[in-house]
Amino acid sequence: MSASVSIWLILGLLVKMAMPMCIPTAYTLYIEKPECDYCVAVNTTICMGFCFSRDSNIKELVGPRFLIQRSCTYEEVEYRTAVLPACAPHADPHFTYPVAGRCHCSTCNTRSDECVHKAGHAAAKCSKPVRHLYADPAASDHTQLFE
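Below, the structure is looked at part by part.

Reading the values: the criteria
Residues numbered from 1 in each chain as written. Predicted model: local features only at pLDDT ≥ 70, side-chain atom pairs only at ≥ 80, totals over all residues. Heavy atoms only, no water. Helix = DSSP H or I, 4+ residues; strand = E, 2+ residues; numbered from the N terminus. Buried < 20%, exposed > 50% of the residue type's maximum accessible area, 1.4 Å probe, protein only. Contact = heavy atoms within 4.5 Å. Areas by Shrake-Rupley, 256 points an atom, 1.4 Å probe, with all protein chains shown as cover. Core = buried A, V, L, I, M, F, W, Y, C linked by side-chain atoms within 4.5 Å.

Section: the overall build of the protein
Logical step 1: Looking only at helices and strands, one finds two helices and six strands in the protein.
Logical step 2: Listed by position from the N terminus, the elements making up the protein come as α-β-β-α-β-β-β-β.
Logical step 3: Among the 147 residues that make up the protein, the fraction classed as buried is 22%.
Logical step 4: A separation threshold of at least 6 residues defines the contact pool for the protein, and within that pool the share at least 24 residues apart is 65%.
Logical step 5: For the protein, the exposed area adds up to about 10300 Å²; of that, 60% sits on carbon and sulfur atoms.

Remarks on the side chain of T44
Logical step 1: Counting through the fold element by element, T44 comes out in strand β2 (residues 39–50).
Logical step 2: Classification of T44 by relative accessible area gives buried; the value is 5%.

A few points about the nonpolar core
Logical step 1: Among the nonpolar cores identified, the biggest contains eight residues, and these are I31, C36, V40, V42, A82, L84, Y97 and V99.
Logical step 2: Elements with a contribution of two residues or more to this core: β2 and β4 (94–106).
Logical step 3: C22, C51, A100 and C103 belong to the second largest nonpolar core, which has six residues in total.

As structure tokens, then:
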């Protein structure tokens, strides 16, 4: 292999590593309500990855134009509703959750997105017996498409 091909190969790998990687990622969401007998594990997709951000040390002098804060967020999202089994008659058994279609790097919209990482919530599981549901409405009679 010639030296120029090796250099291009190395540069290509470095550019790929430096580019934003914001993609839909498989995620299991655990849904539990006090009025229901079961916890439901829903397999869905969320937006996850790295996005370029820049916070200038001298932003007080140059203003906010040098402040770039981007996060991996939804470009296309579909909402689906899970119906929790064995709920009390007075309880609403429905829970609506997002399914990421496409993701992109953008500023975080605090009106529709959770923009802060909350430590401790990622490990939260269920205190009740678990039933599994799937993001495809045809795969389970407990999941419905929400429009």
